[in-house]
Amino acid sequence: KDSSTPLGIVLAIDASESVFGDERLERSAAKHFVNALLRSQDELDLMDFADTVREIVPFTGDKKRIERGLGEMQHGDETALYDAIYLGSQRLASTPQSNGQRRVLMLITDGVDTSKGMRYPQAVEQAQRAGAMVYSIIVVPVDADAGRNTGGEHALIQMAEDTGGKYYYVSDPKDLDPAFAHVSDDLRTQYLLGYYA
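What counts as what
- Residues numbered from 1 in each chain as written.
- Predicted model: local features only at pLDDT ≥ 70, side-chain atom pairs only at ≥ 80, totals over all residues.
- Heavy atoms only, no water.
- Buried < 20%, exposed > 50% of the residue type's maximum accessible area, 1.4 Å probe, protein only.
- Helix = DSSP H or I, 4+ residues; strand = E, 2+ residues; numbered from the N terminus.
- Pairing = 2+ DSSP bridges.
- Right-handed = clockwise from strand over helix to strand, strands pointing away.
- Axes fitted to C-alpha atoms, helices over the stretch in contact; angles between N-to-C directions.
- Parallel < 35°, antiparallel > 145°, perpendicular 65-115°, else oblique.
- Left-handed = near helix turned anticlockwise from the far one by under 90°.
- Contact = heavy atoms within 4.5 Å.
- Nonpolar A, V, L, I, M, F, W, Y, C, P; charged D, E, K, R; others polar.
- Lys, Arg positive; Asp, Glu negative; His and termini not counted.
- Salt bridge = Lys/Arg side-chain N within 4 Å of Asp/Glu carboxyl O.

A word on the pairing of strand S5 (residues 132-139)
With respect to burial, S5 is a largely interior element, eight of its eight residues being buried. Of the two faces of S5, both are covered, the one formed by Ala132, Val134, Ser136 and Ile138 as well as the one formed by Met133, Tyr135, Ile137 and Val139. Taken together, the seven bridges between strand S4 (residues 102-109) and S5 define a ladder with parallel strand orientation. Each bridged residue has a counterpart across the sheet, and for methionine 106 the counterpart in S5 is tyrosine 135. Where the polypeptide runs from S4 across helix H4 (residues 120-130) and back to S5, its parallel neighbour, the crossover connection is right-handed. Pairing of S5 with strand S6 (residues 167-170) involves four bridges; the strand directions are parallel. Residue pairing across strands places serine 136 opposite tyrosine 167, the latter belonging to S6.

Pasting the structure below:
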């Protein structure tokens, strides 16, 4: 058993229509990610967000339960992105840190917040208060280059920098697997470094 630091992860998936035509790919990539990353000492909380933010599976180490949760995502028209960051960070803040657990908020989204809820400053403040590293997989529709709203993407990049997280661009759901693999590797090496230093 790998003795590195335990992880508390909130995986928040954008279920708005703007992001995924291909749910199957999204689900299978998330499933691979969970299987590759989650060790016995880690816990993951699964949320989806569209018109509202829903916690589908509260913190658990049970991969089967998370996999079932990935099948229960509900679509909506809006994207309550900052609400998801805020609520995800709040959930992370409630996890025990006695064992040196690291807190990670993992987002899959196109970065555009269309809801009337929280704004960027409240979301980033909550993430920082929770000591959460924000990782984003930013899904960019290839054909939308001209009319692309990059404001949301820049906000996520800024948030990664402000919280010690990272961001990755994906222009095709098929590339989710490698993006998740990067995140998984990155989290692993960080912990190992953090642990041995």
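Some thoughts on the sheet that holds strand S3 (residues 53-60)
One open sheet holds the six strands; their spatial order is S3-S2-S1-S4-S5-S6, and the pairing between them is mixed. The strands lining the two open edges of the sheet, one partner per strand, are S3 and S6. Ignoring strand direction, the axes of neighbouring strands in this sheet form an average angle of 15°. As paired elements, strand S1 (residues 7-14) and S4 share seven bridges and run parallel to each other. Within S4, the position partnered with leucine 11 by the bridge is methionine 106.

As for the packing of helix H3 (residues 81-93) against helix H5 (residues 150-163)
Running from N to C, H3 and H5 point in directions that differ by 20°, and their axes come no closer than 12 Å. Taken together, H3 and H5 sit at an angle that is classed as roughly parallel. The handedness of the crossing between H3 and H5 is right-handed. On the side of H3, the interface is formed by Leu81, Tyr82 and Ile85, while H5 contributes Ala155, Leu156 and Met159. Among the residues making up the contact of H3 with H5, the classes are represented as six nonpolar, no polar and no charged.

Notes on the side chain of aspartate 83
Tracing the sequence through the fold places aspartate 83 in helix H3. An unpaired buried charge is present at aspartate 83: no salt bridge exists, and arginine 119, the closest side chain of opposite charge, is 6.7 Å distant. In this structure, aspartate 83 is in contact with Val53, Asp113, Ser115, Gly117 and Met118, ignoring residues within four places of it in sequence.

Focus on the pattern of salt bridges
Side chains bearing opposite charge may pair, as long as their charged atoms lie close to each other. One pass over the full model with this rule turns up eight salt bridges. Residue glutamate 55 pairs with arginine 91 through a salt bridge whose shortest N-O separation is 2.6 Å. Of this pair, glutamate 55 sits in strand S3 while arginine 91 is found in helix H3, placing the two residues 36 residues apart along the sequence. For arginine 91, a relative accessible area of 26% translates into the label partly exposed. A salt bridge links arginine 65 to glutamate 72, with the nearest nitrogen and oxygen atoms 4.0 Å apart. A relative accessible area of 37% places glutamate 72 in the partly exposed class. Connected via shared salt-bridge partners are Asp45, Glu55 and Arg91.

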